[in-house]
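Given next are the chains, with one letter for each unit.
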Amino acid sequence: MSKIFGARSTTDEVLDGVDLSGRRILVTGVSAGLGVETARALAARGAHVVGAARDLKKAQAATEPVRAAAANGGTLELVALDLASLDSVRSCADELVADGLDFDVVIANAGVMAPPFGKTSDGFETQFGTNHLGHFVLVNRIAPLLKPGARVVSLASAGHRFSDVDLEDPNFDRGGYEPFVAYGRSKTANVLFAVEFDRRHRDAGVRATAVHPGGIQTELSRHMTEEMLQGLLDSVARSTPAGGTGQFEWKTIPQGAATSVWAGIVAPVDAVGGRYCEDCRVAEVVDGEGLRGGVRSYALDPERAKALWARSEEMVGERF
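Fair warning: this is a prediction, and the values are worked out from it, not measured in the lab.

Trainee: Explain the overall build of the protein to me, please; I cannot follow it from the model alone.
Mentor: When you go through the protein residue by residue, the secondary structure sums to 12 helices and 8 strands. Scored against the burial criterion, the 320 residues of the protein give a buried share of 55%. Across the protein, the fraction of contacts at a sequence separation of at least 24, relative to all contacts at a separation of at least 6, is 78%. Accessible surface for the protein amounts to roughly 13,200 Å². Of this, 49% is attributable to carbon and sulfur atoms.

And the structure:
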């Protein structure tokens, strides 16, 4: 019988007894927080982890615990990746494809949250460009390396409940920028990407899923003022989670990374493929107000996912 995990499960509990020897796994955003913990848990069980980061010097220092924990042949290799630059994304992907080594799992973990208005080097709104378009190009370009049975895990967030994608004005060219509206758009895009990638690749045995790690205090919130953070917590406090009530509690980093490794390694693939997961389980569709519990139906809409895919191809100038 499969073990049952939940909101307080950690990476080590989820992967207890799992042997990942010979498995090759890409994790983006390994210079801090969830990315480092995800890489550590995987390398500790024998996986060959390729960790991608914008600042390799910072990542080298941050991933010392990964190398220290590596066992049973587990290794860590770092590659340069700036998701806010499509030149960097394409260079990273080309390097990986040239190596010709297959991947068993890709965990698209890196991201930014609620910065002031800005644009990537390619002219895209920072959060949509970094969180969605950067990963969109990276994962699609390395798709030939995904062997049958491989999984893609797209880190989304309960923040997708702030807003649906805006396919007519993805860069806020008409004004009205709000940090959390933009964050919500990018996180909805992360879910829709998993939905469409899964549809396109499942016949070849490659599946994709989106996950919400939970509320964790990491560098992701570095752009938030105390007032912004308190407003977010007040919003969460007013919410009612699916299936009941309960007081909000921060997760630890190992608890936050648990759903990523659960969905990427442990969960039945047919259960999570094309779905949105939270607290080491597949989430229910919940269209009510609030940020706690469930996924909004627009984030799983297959037609919306196809439309976003086409718009994304148009924006990056590539067809996949």
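Back to the text.
Trainee: Just checking my understanding: could you explain the pairing of strand 6 (residues 207-212) for this structure?
Mentor: Every other side chain in a regular strand lies on the same face of the sheet, so the side chains alternate between the two faces. With 6 of 6 residues buried, strand 6 lies mostly within the body of the structure. Residues Arg207, Thr209 and Val211 line one face of strand 6 and the alternating positions Ala208, Ala210 and His212 line the opposite face, and both faces are buried. In this structure, strand 5 (residues 146-155) lies alongside strand 6, joined through 5 bridges in parallel fashion. For Val153, the partnering residue across the bridge sits in strand 6 and is Thr209. Looking at chain direction, strand 6 and strand 7 (residues 276-278) are connected through 3 bridges and run parallel.

Trainee: Is there a simple way to explain the packing of helix 7 (residues 179-201) against helix 12 (residues 302-316) in this structure?
Mentor: When two helices pack together, their arrangement is given by the angle between the helix axes and by the axis-to-axis distance. It is at 8 Å that the axes of helix 7 and helix 12 come closest, and there the two elements cross at 95°. On the basis of their axis angle, the class for helix 7 and helix 12 is roughly perpendicular. From helix 7, Ala189, Leu192, Phe193, Val195, Glu196, Phe197, Arg199 and Arg200 reach across to helix 12, where they touch Pro302, Arg304, Ala305, Lys306, Leu308 and Trp309. Taken together, the residues that form the contact of helix 7 with helix 12 break down as 9 nonpolar, no polar and 5 charged.

Trainee: What is the right way to read the sheet that holds strand 5 from this model?
Mentor: As a general point, the strands of a sheet are linked pairwise by backbone hydrogen bonds and lie either parallel or antiparallel. If you trace the 8 strands from one edge of the open sheet to the other, you get 3-2-1-4-5-6-7-8, paired in mixed fashion. Each of the sheet's edge strands pairs with one partner strand only, and the pair in question is strand 3 (75-80) and strand 8 (281-282). In the packing of helix 2 (residues 33-43) onto the sheet, contacts are made with strand 1 (24-28), strand 2 (48-53), strand 3, strand 4 (103-108) and strand 5, and the angle to strand 1 comes to roughly 170°. Contacting strand 5, strand 6 and strand 7, helix 7 crosses the sheet at an angle of about 160° to strand 6.

Trainee: What is the right way to read the packing of aromatic side chains from this model?
Mentor: For any pair of aromatic rings, the description consists of the separation of the ring centres together with the inter-plane angle of the planes. Following the criterion strictly, the structure yields 10 aromatic pairs and no others. Note on Phe172 and Tyr177: the rings are 5.2 Å apart at their centroids and 80° apart in plane angle, and the pair reads as edge-to-face. With a centroid separation of 5.8 Å and an interplanar angle of 10°, the aromatic rings of Phe193 and Trp309 are classed as stacked. Of the two residues, Phe193 sits in helix 7 while Trp309 sits in helix 12, which places them 116 residues apart along the sequence. Note on Trp309: relative accessible area 3%, which makes it buried. When the ring centre of Phe103 is taken as origin, the NZ or CZ atom of Arg24, which lies over that ring, is 4.3 Å away.

Trainee: Hey, could you run me through the pairing of strand 1 in this one?
Mentor: With 5 of its 5 residues buried, strand 1 lies for the most part within the structure. Across the two faces of strand 1 the burial is the same, with Arg24, Leu26 and Thr28 and Ile25 and Val27 all buried. For the segment spanning strand 1, helix 2 and strand 2, crossover handedness is right-handed. Across 3 bridges, the pairing between strand 1 and strand 4 is parallel. Its bridge partner lying in strand 4, Ile25 is registered against Val105.

Trainee: So what exactly am I meant to see when it comes to the environment of Leu76 here?
Mentor: Position of Leu76 relative to the elements: it lies in strand 3. Spatially, the C-alpha atom of Leu76 lies 8.5 Å from that of Thr63, the residues being 13 residues apart in sequence. What Leu76 contacts, discounting residues up to four positions off in sequence, is Val49, Gly51, Thr63, Val66 and Arg67.

Trainee: Any chance you could explain the confidence of the model for the protein here in plain terms?
Mentor: Close reading of the predicted structure is inappropriate where its pLDDT is low. Averaged over all residues, the pLDDT of the protein is 92; the fraction at 70 or higher stands at 89%. Here residues 240-245 scores under 50 on pLDDT; set against residues more than four positions off or in separate chains, the count is 9 contacts.

Trainee: Honestly, helix 12 in this entry has me stumped. Any pointers?
Mentor: Because an α-helix packs 3.6 residues into every turn, residues spaced three or four apart end up facing the same way. The end-to-end C-alpha separation of helix 12 is 21 Å, in line with the 21 Å expected for 15 residues at 1.5 Å each. Listed in full, the buried residues belonging to helix 12 are Ala305, Leu308, Trp309, Ser312, Glu313, Met315 and Val316. All buried residues of helix 12 project into a common sector of 160° when viewed along the axis, lining one side. Helix 12 presents Glu303 and Glu314 as exposed residues on the side facing more than 90 degrees away from its buried surface. Against the buried residues of helix 12 lie helix 5 (86-99), helix 6 (126-141) and helix 7. A side-chain oxygen of the first residue of helix 12 lies 3.0 Å from the backbone nitrogen of Glu303; this N-cap is Asp301. Immediately beyond the C-terminal end of helix 12, within one or two residues, lies Gly317, with a positive phi of roughly 75°.

Cut-offs and rules
- Residue numbering note: each chain is counted from 1, following its sequence as written.
- Side-chain atom pairs in this predicted model are given and counted only at pLDDT of 80 or more, local residue features only at pLDDT of at least 70, and totals for whole chains, interfaces and linings cover all residues.
- The basis for every side-chain value is the complete set of non-hydrogen atoms in the structure, without hydrogens or water.
- Secondary structure elements follow DSSP: runs of H or I of four or more residues count as helices, runs of E of two or more count as strands, with numbering from the N terminus.
- Each residue is placed in one exposure class: buried if its accessible area under a 1.4 Å probe, protein chains only, is under 20% of its type's maximum, exposed if it is over 50%, and partly exposed if it falls in between.
- Contacts are assigned to residue pairs with any non-hydrogen atoms lying within 4.5 Å of each other.
- Method for areas: the Shrake-Rupley scheme with a 1.4 Å probe, in which residue coverage is limited to the protein chains shown.
- Note on pairing: two strands pair once DSSP finds at least 2 bridges between them.
- Note on method: axes are straight lines fitted to C-alpha atoms, helices fitted across the in-contact stretch only, with angles between N-to-C directions ranging 0 to 180 degrees.
- The cut-offs work like this: below 35 degrees is roughly parallel, past 145 is roughly antiparallel, 65 to 115 is roughly perpendicular, and the gaps in between are oblique.
- For this scheme, ten residues count as nonpolar: Ala, Val, Leu, Ile, Met, Phe, Trp, Tyr, Cys and Pro. Four count as charged, namely Asp, Glu, Lys and Arg, and the remainder, Gly too, count as polar.
- Here a pair means two rings of Phe, Tyr or Trp (six-membered ring of Trp) with centres within 6.5 Å. Their orientation is stacked below 30 degrees between planes, edge-to-face above 60, and tilted elsewhere.
- In this scheme, the term charge over a ring applies when either NZ of a lysine or CZ of an arginine sits within 6 Å of the ring centre and within 35 degrees of the ring normal.
- Assignment of crossover handedness uses the view with strands pointing away from the viewer, where a clockwise path from the first strand over the helix to the second indicates a right-handed crossover.
- Confidence scores labelled pLDDT are given residue by residue by the predictor and lie between 0 and 100.
- Here the expected length of a helix is defined as 1.5 Å per residue gap, with one fewer gap than residues.
- Throughout, the arc means that of the directions going from the helix axis to the C-beta atoms.
- For the purposes of these results, a polar contact is taken to be a pair of N or O atoms within 3.5 Å, where, inside protein, one atom must be able to donate a hydrogen and its partner to accept one; residues adjacent in sequence count only when each atom of the pair is a side-chain atom.

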